[in-house]
Each structure stands twice: as C-alpha cells, then as structure tokens.
Amino acid sequence: METIIRTQNLRKTFYTGEIPVHALKGVDLEIGEGEFVVILGPSGSGKSTLLNILGGMDAPTEGEIFYRGKPLQNMNKKELTMFRRNAVGFIFQFYNLMPNLTALENVTLAAEITNDPLEPRKVLAEMGLAEREDHFPSQLSGGEQQRVAIARAITKNPDILLCDEPTGALDYETGKQVLDALRNFNRDLGKTVLVITHNAAIGNMGDKVVYIKDGRVDRIKINPNPVSASEVSW
Amino acid sequence: MLKRKLLRDIRGSLGAYIALISVLVIGLMLYVSMALTLDSLVLSKDNYYRDYKLADGFARITRGPAGLVADLEDIRGIDKAVGRIVLDVLVNKPAGEETTTLRLVSFEERQPLNRFMLEQGKVPTGEAREILVTPAFLKGNNYQIGDQIPLIIKGREVRFTISGTANSPEYVYEIPNGFTLAPNPKAFGVAFVPYSVAGPVLDMEGQVNDIAFSLNKGIEFLDVKTQASRVLNSYGMTSIYPVKDQLSYSMLTQEIKGLEGSAKTSPMIFLLVAASVLYIMLRRMVEQQRGQIGVMKAFGFTDWEIINHYMGYALFIGILGGLGGSVVGTVLSYYWVELYKVYYNIPDFTARVSLTYLLVGTLLSLLFSLFAGWRGCRRVIALNPAEAMRPPAPPAGKKTMVERVRFLWGVLNTQAKMAVRNVFRNKQRAFLVILGVACSFAMMVSSRASFDSTYYLIRYQFGEVERYDIKVTLNQYIDRVKGVNDSRNIDGVAGAEPMLEVPVTLSNRWLQKDIVITGLPQNGRLYRLVSAEGKHIDLPDNGLVISNQLAKTLEIQPGEVVTIKPFLGDRREEKVVVRQVVPQYVGLGAYMDIDALGALIHEPSSTSSILLSVDRSEMDQVRKDLQEGRNVGVIYDKNRMKQQFEDLMESYNATQYILIFFAFITGFAIVYNVNIISLSERERELSTLMVLGMTEREVARILAFEQGFLGLVAVIAGIPLGYGMLYAIVNGTASDIYNMPLRIEPVSFLISSLGAAAFLVAAQWRIKGRIAKLSMIEVLKENE
C-alpha cells in the first residue's frame, strides 16, 4: 500500500493575544492510499487543527507534511488552492452548503472547478437524493444536507476525503446513513477517507484508528476487521 | 461602556463610515454653498435695485423732446420718469484689434431712477468730455482712470477722458443684446456721460431716445402700458417693456432661478443616497449583533437604551457629515461668489459665514441620518432576549424570475447562477444599489450633457443658422440694394445680404409679446432657417416662420393667424399666417420674407443690417473700413462671439469634472458599503468556496458578477434618469432669451458608463483585498 500522506514532527502554535497555544506538539502520521482512517480525540485535542493542515487550509508552524511525497509546507497559496481543488474533498459538521443553490447545483458547482469530476447527478442519486435534487438546502433535512455535502465532496473525485465531525449535528439513524455513504466511497472507489470525531464508537469502522491527545498521537490501532456502519452503535 | 463599543465598532469598519460621511458631506456642501450664495446674491441684488432705484418700466423711442417725461409722469400710476440718450458707439482702435462697442448712457444730476454707483474716481462735471465706465470695462481693456478713449461718433473720432468707474443696476449683467450670452468687456461696455455733454456730441441736444419710469405702489406695468405707449408712439416708440424683460434683470433672474433649483434638488440626491446606505448598514449591524442585543436585553437594558446605542452610529455620522458639509460648504460659497462676480457686477456681493446654515445643514444631515437609523434599528424592539441569542433562521434559497427565461439560464454556469440568485436574494438592497448607481450615473450624464447641449447650441446657432462672418447694424434704414452693393465693394468682403429687423407686438388671441421680426431674402445663404432634422428651410413668400419657444409662449400652432403691430410707421395692425415652427435656442425669433416685411411697414426696399461673409485674412481690414462708415452702428463679429462662448464654456469645465467626481465618490460609497455588508453576511459561503478549491479570484468573480449585473441594470435605468435630470436643468434655465436644446452625445454616455464601471471596479478591488483576508478555518468552525 502506497503512502498518500505523511507528517513528520508536525507542530502548530496559535497566538491568541500574548499567550501561545500549542495545538499540535509534534505529530507523526502515515496514511496509506485507500485507507479508512478514524482520528479520535476529545475536543481541544488538536484534531481539527491537524485536519486543517492535512487539507491545505492551514500551514504548520514547524515540521513537514507530504502529499504523495510532495511537501505541502513549501507550497504557495495558489498551489495549495490547486491541491484543495483537485486532491481533497471536505465534509464539515455544519454542511456549509450554498443556501441559494439547489442540491444538484451545489454538487455541480464543485464539479465545475475540478479537472476530472464524477457526474453530479449520478453521485447525488447514489446518495439517495435523486428525488431531492431541485430542493434548496433550507428545504432539506440535516441528514439530507449532509449527504448533499458528501456528494459535493465526492463529485470532485478527490484522492482523499477529509471529514470533520460529519455526524456531529445529526441524529443517530441519519448519522449512520452518512457513515455508510463514506464507507461506500472508500470501498467502491478505493479512495482514502479520513474522519475526525470524538465519538469512540465510530472508531470501530476504521482500518486504522489514530488516538490524539493533547496535541500528540497517543496511539494508533490497526483494525484487521472493521465493522460496517450498520453495526456501529453509540 | 456602550459608548466604547460604539467607537470600536466604528473603528472596525472605518472605510465604510468614511465613505458614508463623504457622501453626506458632499450633499450638504452643495446645499450649504448654494443656499449661502443664493441668499447673498438675492440680498445684494435687492438692496442694489432698491438703493439705486432701478426703474419698473422701459421704453425705446427714435427721438423725442426731453420734456416728454413730464407727460409720462402725468399718467396715473407712473411715479417718476427719466429720459436719456442711449447710443452704442465704436471705440476707435487700430486694425487687427477686437471691435469694441461702448454704450453711452446719459445721466443728469440727482436722477430719480437708474442711478449709477460710483466705484472709483469722480463723477464728470459736465464741463469737459469726461465719462465714467464700468470697472469691468476699464480692467478688461487695460485703461486707467485719466486715460482717453477715442470713440467714433457720426464717422468722426471724439475723445473722452475716463474720470472714474461706476456700476449700474441696469447692467449687472453687462451684455449688449439677447444674442450675446456672456459679458465680454473687450467687446462691449457701458459708459455714463453727463447729459449736457452727450446732447451736443451725439447731435441730440434737448432730446432723448430712451425712457425709464417707476410705478406707484400697487400698480402693474400693464396698467400703464397703453397710456404710456400713446404718449411715446408719436416719438417713434420701438419697444416698451417691464423690468422683468429688461435684459440684465432677466438674465440675473434666470440665474437665480437655476441656482435655486439646483440648491433644492442635487443635494437631496446625495442625502437620500447616504440615508439609504446608512439604513442598510444599521439594519445589517442589528442583524449581526442580535446575539449581543439578546445578552444586553437579558442583562436588563431597556429597548430604549439599546436603540439609543444603535442610533448613536446615526448620530455620529449625522453630526460629522453635517458639520463637515456645512463648514466645507461655507468655504465653497466664497468660490461660488467669486465665480459669479466675474459675470455679474453687484456691489456688496460677498460670501459670508452663516450660523443659520451651519445649523440648518447639520440639522438636515441629522434628520436624514436619524430617520435612516431609526428605520434600520427599530427591529431591536421586536426581539425577545432568548430569541435574540439564538441565531436567525437560515436564509432560504429560492428560484428567481430570471430562471423562467430557460435558454438564458441554461447558458449560465453554477457560479453565475449563484450570483444571479444572490442579486434577487435581497431585493430591497439590490434596489438601493441600482438606485444609487443609477443616480450617480445619471448625475455624470447630466452634468456632461449640459455641456453637450450648450455646444450643440453653439454649433447650431453659429454654424447652421448664422453663416455670415460680420453683421453690421445700421443707425438708420438704408436702401437695400445700395447697402449690399456698397458693402460688396469693400476689399475682402466675399458676399453681402440685407437683413431687415422690425420690432413688433405679436399677439395671438389675448397673448402678446414684443419681439423683432427678421426679414431675410429668399435663397439667402448667410442666415438660414434650419428644421429640427437639420434641413434648410425656404422662407415662404408671405407669412411667418417662428421659433418653437415663441410658439410655446404664445400658444401658436402652424397655420394659425396672428396679429402683428409694428413699432414703426403708422403702427397699423396686420394679420399674418404662421407657416412653420422651427427649433431655435436663442431669442424669440420670427422670420419673414424681406420684401413682404418691408411692404408691411411701407419701407419696401429698406434694410436695417447687412450680413457679410469675409475672407479670413482680410477680416481686420474689413472691420477697420466698416468702423469708418457714417451709418454703422454695431459691428458684430460672429466668429469672435462663438470663440468667446466656447471660452466661457471652457472656464466652466472644471465644474463639470467636480460634479462627475462627486458622483463617482457617491457611487463608490454605495457599492463599497453594500459590498462590505454582503461580504460579511456571506463570509461563511465564500470561505466554503475557497475550501472547495476556488481561488480568491474565482470567489471575487462571483461578487463581481453580481455587481456587474446590478451595475448594468443601473446604467440602463440611469439613461432615462439622466435625460430627466437634463430636462430639469434645461427647463429650469429656459427663458425668452435662450433655451437650451436637450442633447446628450453618445460620448457622454460612454464616459459616464466608464465612470460607473470605474467605481464598481474600485469597490470590487477593495473587496478583493478583504476576500484575501478571509480565514477559512475561523469561519467554518462556527455554527451557522
């Protein structure tokens, strides 16, 4: 298995006022192509900061991060934008759909800016939203909105999908549907999926579970038999 | 503590506040400066007219005994009357210099009406050949007090010594006739001569040719016109008119009317724009800070205290804008007054600081901003604390009407679709942006177009209608054939045509007007009538062709029969058919075949003027030769007049660009502020787009598309608005003396569109800087 992302001694310090906050205190991580990785940690552990740096939205204060061997920390703004555009798909806790675009248009918007997109309508249908494609976000339930957001990320056909608490704002059943969709994308297309959450139960789905504590990798657990979303419960 | 929050909030978006205050300052500056100038102008004018006894009525006669004024004073209603000798003579100058006409106006000691005001030097005693000239004439021709002026009187040179300078309320606007639109001391001036000197020198001892009279209280000009005419007719009356038709008086009245109109309208546009933007800003602020408002309410602040806090922003803007505008406006009024003083001779006309306007300006500014503020923040009251602390309901997406146009919608990519929906998302705001941009575009168009219209007038009048180079007005009628032949014999004259000008009273039903009918030869080339389509019109054998302004004034339709009563000959009334109405922008013109007009006054072969076309190179010599003619009254050099007119417009050019600049600032302020607001509302959306992998440029493009779309709509809406404003300007200044054509050149639309594009781009450019500062992480962390 090829390594898609590797970090070395990744550090991030924020300065809020005079006091430095060390969000990441040297993270070493290796993520393989096609892996389903769950990053687990309590809030304030630095997992979101890690995700932001992995996604090219933020730069580390120290250390290195390589995407397919290329160092992200040396990229300029334009190159980072292109990295986000073509290599990464993001899914947020609060969906962040464009309120004045329909479900299909939200997905199409992402497809339009990417080199090798998947067909938006088809992706949306796979999310079970074929009937809802002409609806605006305000007309969709939370689960539906999150599935549109996943479709929007997937349609870009990214090598890696980064998900920040994707089920955080959803109820139990809907959360499981969303996790199922993520797992399918990983399995069917062989793409890397990275989910960060504080929900330990989701860890059982990951090929690899990374425990983050106080800005460091506490331990890494390899799961030889990850369970499906339907078997997860919390 | 809330005050501290207020100041910090203002500091946080300083740019937006500065832009807003600038618009207020511009509006008030215009208002205060114009109102101050207007007040001062009206006051000084009224004092001047009163103190120096400007007459209520005027009349011209061929000549009559000085004693006739006693007959006039006998008329019930007439208080005082004075008789004067008024004659235009030429200054004897070397060939090559501009022809200068000096109007000699006789005066007597202790004259009851139309007194002059001595500025410098001393009043001539009447023993020597001394005159007073206007200060403008003295300065414009580089004379000194004590210098001698050589005048040509009856073909001979007569020298007068300048004993001093004086102004008269009769010549506040010092022009010789209604065809001259601006004073030019090099071409025309007024001089005051003691009657005892003027009589013998002008061969009019014991006689007068110009009458002025005042009326008793409560008496109108029309009450005495008939009786006065009866007295004066036997002395060859050529005109009788009330003071409101007096040239200088009427020009000044027009100017005041125009200034009054501008002072009332143009500042309001700026104030309304500023108020609208303030309204949007405060409304947005209240929405954005609803959490804080909730907390304040939960703490126990009353609605009134919170409203007070938000009104503080309006107060801050209102006071700063009001004081700033009033102060700058007061300073600017000094500049206006100086500008006016170049053209209007009014003593004691000075700009002054007025506490009243400082107050009025500030109150006006406060009124607009507090009203806008109240409208913007009154929804604070409706919020209950718990609800206020919850975030507002997410904006609902909706399909827009544009989407019904399927083929158009299909062409757009998703980014463009998003932009279009955003435009429609907040209709009220879109409307205000369109209104603001349209107003500022229309202001650019109309301030440029008032120049277009004037230049068009110049081209039309001096290029199409008046084709001659020199017009010689004769002191007496002469035989037409002889006059033309004699003129043709002058070296350098390429062509000559007669022109017969007859003053008449023209009546249509009960409407009447004293005008001059111009008789022109058939197939004349030097003075042509031109139709609205620019085609040359042949004069009918009989009947009148009149200008549209005259047709409007007397409600005449082509084909109607009107009555004319000449001021010459036996004054018999005649019926004449109006054959055609032509556009004309200067004067109340009426035209007739010269033979038909001559027959009407029993002077079948006479002419009163000769039009000449002259070789350019021979111009100076021709003028010199003409000056020596015994019967030559006025030598009117059309090309110089045209040049002078163009120079005058040139000198106003700066005003045009200042107004365009103001419009630009206003447009920028609106677009920039609304952009900032949209941006703050949509930080989250735009950050998401950047996370998705859009470049800053692509994100900015979405906003640019929106602004471009609104801008385009605004510019289209601005075209009729610009025409409307121009129409208001043209209408506000129209008078019997001149009325401007309504004319907007395509290049003015182009320049104004570029101006609008420029402030849209400038605002967009500032926004792009803000987009670059958007933090993707910060924004996405928050809940919606």
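Cut-offs used in this document
Residues numbered from 1 in each chain as written. Chains lettered and ligands numbered in written order. Predicted model: local features only at pLDDT ≥ 70, side-chain atom pairs only at ≥ 80, totals over all residues. Heavy atoms only, no water. Helix = DSSP H or I, 4+ residues; strand = E, 2+ residues; numbered from the N terminus. Buried < 20%, exposed > 50% of the residue type's maximum accessible area, 1.4 Å probe, protein only. Contact = heavy atoms within 4.5 Å. Salt bridge = Lys/Arg side-chain N within 4 Å of Asp/Glu carboxyl O. Pairing = 2+ DSSP bridges. Axes fitted to C-alpha atoms, helices over the stretch in contact; angles between N-to-C directions. Domains from an automatic or database assignment. Buried area = accessible area lost by both parts, 1.4 Å probe. Nonpolar A, V, L, I, M, F, W, Y, C, P; charged D, E, K, R; others polar. Patch = residues over 30% accessible without salt bridge, like charges linked within 9 Å, V, L, I, M, F, W, Y side chains within 5 Å. Areas by Shrake-Rupley, 256 points an atom, 1.4 Å probe, with all protein chains shown as cover. Lys, Arg positive; Asp, Glu negative; His and termini not counted. Charge placed at Lys NZ, Arg CZ, Asp CG, Glu CD. Polar contact = N/O pair within 3.5 Å; in protein donor to acceptor, adjacent residues only side chain to side chain. 1 Å grid on protein atoms, 1.4 Å probe; cavity = no way out; pocket = protein on both sides within 12 Å on 5 of 7 lines; lining within 4 Å. Points joined across faces, edges and corners; volume = space filled by probe spheres on them. Parallel < 35°, antiparallel > 145°, perpendicular 65-115°, else oblique. Left-handed = near helix turned anticlockwise from the far one by under 90°.

### Focus: the overall build of chain B
When helices and strands are tallied, chain B shows 23 helices and 22 strands. Taking the principal axes of the C-alpha coordinates as reference, chain B spans close to 100 × 55 × 50 Å. When burial is assessed residue by residue, chain B has 57% of its 784 residues classed as buried. Of all intrachain contacts in chain B linking residues separated by at least 6 positions in sequence, the fraction that spans at least 24 positions is 81%.

### Notes on the pattern of salt bridges
Under the defined criterion, the tally for this structure stands at 37 salt bridges over all chains. With a closest N to O distance of 2.5 Å, Lys77(A) and Glu696(B) form a salt bridge. With Lys77(A) in helix H2 (residues 77-86) and Glu696(B) in helix H21 (residues 696-733), this residue pair bridges two chains. Given the relative accessible area of 21%, Glu696(B) is considered partly exposed. Taking the shortest distance from any N to any O, the salt bridge between Asp51(B) and Arg50(B) comes out at 3.2 Å. Each of Glu33(A), Arg68(A), Asp159(A) and Lys191(A) takes part in a single network of salt bridges with overlapping partners.

### Structural notes on the sheet that holds strand E4 (residues 62-67) of chain A
All names here are of chain A. A sheet is described by the order of its strands in space; here four strands give the open sequence E2-E1-E4-E5, paired in antiparallel fashion. Edge strands, defined here as strands with exactly one partner in the open sheet, are strand E2 (19-32) and strand E5 (70-71). Of the pairings in the sheet, the one linking strand E1 (residues 3-16) to E2 comprises 11 bridges and is antiparallel in character. Paired with Lys 12 across the bridge in E2 is Leu 24. Packing against the sheet, helix H1 (residues 47-54) makes contact with E1, E2 and E4, and its axis sits at approximately 120 degrees to E1.

### Here we look at the domain arrangement of chain B
Many descriptions give the size of an interface as the accessible area lost when the pieces come together. Residue and element names in this part refer to chain B. You can read the domains of chain B as domain 1 (1-56 + 251-392), domain 2 (57-250) and domain 3 (465-644). Listed as interface residues are 28 residues of domain 2 and, on the opposing side, 23 residues of domain 3. Across the domain 2/domain 3 interface, buried area totals approximately 2200 Å², and carbon plus sulfur atoms make up 49% of it. Put simply, the parts of the chain that give the side of domain 2 that touches domain 3 at least two residues each are strand E3 (86-91), helix H6 (221-233) and strand E11 (237-242). In terms of residue class, the side of domain 2 that touches domain 3 is built from 10 nonpolar, 11 polar and seven charged.

### Some remarks on the sheet that holds strand E2 (residues 78-84) of chain B
Residue and element names in this part refer to chain B. Across the sheet, which stays open at both edges, the four strands sit in the order E2-E10-E1-E11 with antiparallel pairing between neighbours. What marks the edges here is a single partner per strand, and that holds for E2 and E11. Recorded for the sheet is a direction-independent mean angle of 25 degrees between the axes of neighbouring strands. Across five bridges, the pairing between E2 and strand E10 (residues 207-215) is antiparallel. The partner of Arg 84 across the bridge, within E10, is Asp 210. Of the strands in this sheet, strand E1 (57-65), E2, E10 and E11 are in contact with H6, which crosses E11 at around 165 degrees.

### Some details on a positive patch on the surface
A contiguous patch of positive charge on the surface is contributed by Arg63(B), Arg129(B), Lys154(B), Arg156(B) and Arg630(B). Topologically, Arg156(B) is positioned in strand E8 (residues 156-167).

### Section: the interface of chain A and chain B
With 28 residues of chain A in contact, the opposing surface of chain B contributes 34 residues. The three residues of chain A that bury the most area against chain B are Phe94(A), Asn96(A) and Asn100(A), which together make up 20% of that side's buried surface. Summed over the shared surface of chain A and chain B, the number is three salt bridges. The interface formed by chain A and chain B holds 11 residue pairs in polar contact (both at pLDDT 80 or more) in total. Counting residues per element, the side of chain A that touches chain B draws most heavily on H2(A), which supplies six residues. Here the side of chain A that touches chain B is built from residues that sort into 11 nonpolar, seven polar and 10 charged.

### What to know about empty space enclosed by the protein
All names here are of chain B. The final tally for this structure, using the stated rule, is seven cavities of 30 Å³ or more. Size it by volume and the largest cavity reaches roughly 240 Å³. Lining the largest cavity we find 22 residues, and of these Ala 187, Ile 635, Tyr 636, Asp 637 and Met 641 sit closest to its centre. Looking at the lining of the largest cavity, the elements with two or more residues in it are strand E22 (632-637) and helix H19 (638-681). Broken down by element, the residue count for the lining of the largest cavity peaks at four residues, all from E22.

### Observations regarding the packing of helix H3 (residues 103-112) of chain A against helix H5 (residues 142-155) of chain A
Residue and element names in this part refer to chain A. Where H3 contacts H5, the two axes come as close as 8 Å, and the packing angle between them is 25 degrees. In terms of orientation, H3 and H5 fall into the roughly parallel class. Note on packing geometry: the crossing formed by H3 with H5 is right-handed. Across the interface between the two elements, Ala 103, Asn 106, Val 107, Ala 110 and Ala 111 of H3 pack against Val 148, Ala 151, Arg 152 and Thr 155 of H5. Looking at the contact of H3 with H5 residue by residue, the class counts come to six nonpolar, two polar and one charged.

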